[in-house]
Amino acid sequence: FCIINQSGQVAFRAEIYDMNAQFHLPRLDSYRKGVFVGSPGEAPGKVFMHQDSGAGGGVFTYSYGTIDLADDGEVAFSASLSYRSGVFIGKASELPQTVALGGDTAPLGGTFGSDFAVYMNSQADYFFRSSLTGGSANSGLFLRRRGTSSLQTVTLSGQSAPNTPGSFSAIG
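Because the structure is a prediction, the values reported are computed rather than measured.

1. Re the nonpolar core
- V99, F112, F128, L132 and F142 are the most contacted members of the largest nonpolar core, which totals 18 residues.
- Elements with a minimum of two residues in this core: β7 (84–90), β8 (97–101), β9 (111–120) and β10 (126–133).
- If you tally residues by element for this core, the top one is β9, at 4 residues.
- In this view, V99 contacts V87, F88, I89, Y126, F128, R144 and L151; residues no more than four positions away in its chain are not counted.

2. Considerations on unusual backbone geometry
- Phi at Q51 is positive, roughly 85 degrees, even though this residue is not glycine.
- Counting through the fold element by element, Q51 comes out in the loop between β4 (45–49) and β5 (60–69).
- For A124, which is not glycine, the phi torsion reads 70 degrees and is therefore positive.
- For A124, the location among the structural elements is in the loop between β9 and β10.
- Overall, A124 belongs to the buried group, its relative accessible area being 0%.

3. What about the environment of G103?
- Along the chain, G103 turns up in the loop between β8 and β9.
- Residues G103 and S114 lie 11 residues apart in sequence; the distance between their C-alpha atoms is 8.0 Å.
- In contact with G103, not counting residues within four places along its chain, are R84, T111, F112 and G113.

Cut-off values and rules
- Residues numbered from 1 in each chain as written.
- Predicted model: local features only at pLDDT ≥ 70, side-chain atom pairs only at ≥ 80, totals over all residues.
- Heavy atoms only, no water.
- Core = buried A, V, L, I, M, F, W, Y, C linked by side-chain atoms within 4.5 Å.
- Buried < 20%, exposed > 50% of the residue type's maximum accessible area, 1.4 Å probe, protein only.
- Helix = DSSP H or I, 4+ residues; strand = E, 2+ residues; numbered from the N terminus.
- Contact = heavy atoms within 4.5 Å.

Listed below in structure tokens is the structure:
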């Protein structure tokens, strides 16, 4: 998965193979996945890789799902931190910050599940879709504006759909 911003930077997911490994046949532990940001004529910068430390503790254990890129090079991505799925933001050569993790309390009740998809606009405001458990909804859309730490609920499954006879059942 790759994406380009207005500045011509490209964020991409890649798999790295350790050519200096001390064995003859490729093994699963010799491959590491990660997210990188690059521009023409410059070496790409690492945002994070499998087995890197995350902010507040934990280790990135898996990379999956969506990535998105703001005009200033900030990347929003979904991944797992110590086997908890979540949404993260980061820049090349900076420690990624956690936005939300599966099991965290969602703004209007319940907890975030393990299914996340994240998107960002050019100003680095981002929103994500998450499954939910333990509340009145099974999924929702959440917004976090740049420079704030609070999450806002955009909509939840089960919420009335305006100007229709029904409610939202599947979101995202």
